[in-house]
Structure formats: structure tokens, C-alpha cells
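In case you want the letters, here they are:
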Amino acid sequence: MMDVEDEASRLVWVRARIAAAGGEVGPLEDQSGWANRVYTSPTHVVRISSGRFRDSFSHDRSVISLLMGQLPVPVVVDAGEVVGRQWMIMERLEGQSLLRAWPAMQVAERRRAITSLGETLAALHRVQAQPGFTNPWIEDAMAESNGAHMYLTPPQSWHLGIEAMRSRKLLDTALVDRISDYLSERISLFAEDKPCLIHGDIHFNNLIWDGEKITLLDFEIATLAAADREVQALNDFIRDPAEVFGPEDDLEISGLSQVQGWLGAAYPGLFASPDFIERQDFYAMQRNLCKVYRYPTGEAQSIVADIEALLDGEHVFTGSTYDEAT
């Protein structure tokens, strides 16, 4: 039985899973991120859930099944649960993560990759989810008023984040009152939304680039929401790429200023709302409240500064980038 806390035990278990799948066992690379343990061999990828989100890999596999034949997706070979953690093994895709490929790419190739991303997202948003489709951990976040997990809850549930913030007393009461007013004054922006299936966590480490097309990875967060909510995670990544780096990554990511413009040219519908900028600000405020829960007090000070900037009328999506995108 694997000891999830012991690296040697994990590696023995991972190699056994790859061998059982008929793959090449070594050499193994540890590509773990902040959420899950991830190991790659020349032929397979093994993921072990952190256990943070209920049924996260079951949800991931259900979305992959839904998309199969409609979008490029990883092939799941096997899956299960060990010591209370879900796991899955997939065939390794050709190419590498866009995060790792980006530094060596020329501008023309970068644009091709982002154009492919826009086309892939447009196709994803056209996929019809089954009746009753939900994301289990987003349901849990709303039911339990878990503020740390509320960053993709529907805009209409904004009050749950405020209630959670008040109960934990993590921010000054007057500041929470201002945030509450800010969100309530803007909720009408979402009255006509038509939710579609979104990935929800678009950053370069969740994208595989093979020189021709982008393949999306990691559908644990996938949910039903307005299409423009897809821009939120990408915008967060562009502002702070290092936030998604794994513990062993030593990368310099630059040249991101044109990404949103290229994406908008490939998929104009992402930016079509006349209230696009204000909607992105609303999403950012929800996200910032979640970050206050997640980070230690010292780190939270910069998050409070971001919150106050939004309250003072600053936008998370810059005018110049928005003009390029539209």
C-alpha cells in the first residue's frame, strides 16, 4: 500500500501503475503542482489527487468522456482510489506544456498556439453538457460556505462569500461592507447570462502544445458558467505567471502582453459583452475574497491592496489589452 506522504513509496506505486498499463516505467519526472502529485514517464502520466476536492478526478474523467470525439483530450487508461486519494493514469500526449515551451517559442509560433487555444475554447463552449451537470466541489463550497473554494461559484451566489468573510472576521468590517456594496451594485451585469461548459483554469501549465494544436488538461474545475469567465484564470496567470509554477520550476515567462489580443482575434465571443471589463472586475473581486482565505496574513496584504484598487475604480483588464482583443 502506498504511503502518500513518503516519496519513495509513491514512486514504487507509480511505477507499478505504469507497468500494469504496459508503459515505459522510467525515467520518471515529478511535475507536481500546488494541487496534485503528477509523475510522467516517456509513455504515461500518473496523477494522484491531493484530496482537497471531493471526487475531483471522477469529475475530470466525466468531462473527458463528454468531450471525446469533439476536442483533443487525453486518453485515460485506468483510475481508482488509494489511501483515500483518487488517482488516474493517462497516455502521455505529444508535445509539452505551453508553460515549458513558451520561453523558446518565436512570436509567430506563440500566436499560432494562442489562436489554437481560442479555437479550442470556442469548441469547448459549444459542447452540450448532460442535464444535471454540476461540479461536486463547487457544490460543496456553496453548501459549506467554504470561502477558500468559492472562486468559480456563480456570480449570483456572491453573498455566500460575504457571509463567510463576516463569520471568519478575516477583513475589517467596514471593508467587507464596501465589498458587499460593490458586488451587489454589479450583479445585474449577469442577469442575461447563458452558461456553457467552461474549463475554468486556463493557464499555460494546463495546456499541451505539440506545434500544431493546443490540448486542454485538468478538467477538475470544469463547470457551467458564462464563457467570459474563462478569461479570469488566464488574466491571473498573465499578471503573475509564477503563481502556477510547480516546486521544481525555474522558468522565466515573458512576452505575454499580446496573449489576450491574439485570443480575442481567434475567439471574439469571449470579449463580446459590452460590460466585459466590469464583469472581469466582479470575477476578480470574488477571486480575491477566496485568496484572503488561502494565504497567510502577510501575503494577504497584497490581496487587500488589489481589493481596495477595485473598490477605487481600477480595472483588472487593461484598456490597451482590451482594445487589442476586440
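Worth saying up front: this structure is predicted, and the values here are computed from it rather than measured. (Residues numbered from 1 in each chain as written. Predicted model: local features only at pLDDT ≥ 70, side-chain atom pairs only at ≥ 80, totals over all residues. Heavy atoms only, no water.)

Caption draft 1: Representation of the sheet that holds strand β9 (residues 214–216). Reading across the sheet, the 3 strands line up as β6-β8-β9 and stay open at both edges, with antiparallel pairing between neighbours. A single partner strand is all that each edge strand has here, and the edge strands are β6 (96–97) and β9. Inspection of the sheet shows β6 paired to strand β8 (residues 207–209) by 2 bridges, in the antiparallel sense. Each residue of the ladder has a partner; that of Q96, found in β8, is W209. Contacts from helix α4 (residues 107–126) reach β8 and β9, with the element oriented near 45° to β9. (Pairing = 2+ DSSP bridges. Helix = DSSP H or I, 4+ residues; strand = E, 2+ residues; numbered from the N terminus. Contact = heavy atoms within 4.5 Å. Axes fitted to C-alpha atoms, helices over the stretch in contact; angles between N-to-C directions.)

Caption draft 2: Expanded view of the packing of aromatic side chains. For the coordinates displayed, the defined rule picks out 8 aromatic pairs. Ring centres of F271 and F317 lie 6.0 Å apart, and the angle between their planes is 55°; this geometry places the pair in the tilted category. A residue pair is termed long-range when its members are at least 10 positions apart, and F271 in the loop between α9 (259–266) and α10 (276–294) and F317 in the loop between α11 (297–311) and α12 (319–325) qualify at 46 residues. Of the two residues, F271 and F317, neither departs from the other in class, the shared state being buried. A network of ring pairs unites the aromatic residues W102, F204 and F237 as a single cluster. Between the NZ or CZ atom of R17 and the centre of the ring of W87, over which it lies, the distance is 5.9 Å. If you follow R186 out to its NZ or CZ, it ends over the ring of Y182, 3.7 Å from the centre. (Phe/Tyr/Trp six-rings, centres within 6.5 Å; stacked < 30°, edge-to-face > 60°. Buried < 20%, exposed > 50% of the residue type's maximum accessible area, 1.4 Å probe, protein only. Lys NZ or Arg CZ within 6 Å of the ring centre and 35° of its normal.)

In short, shape yes, function no, at least from these values alone.
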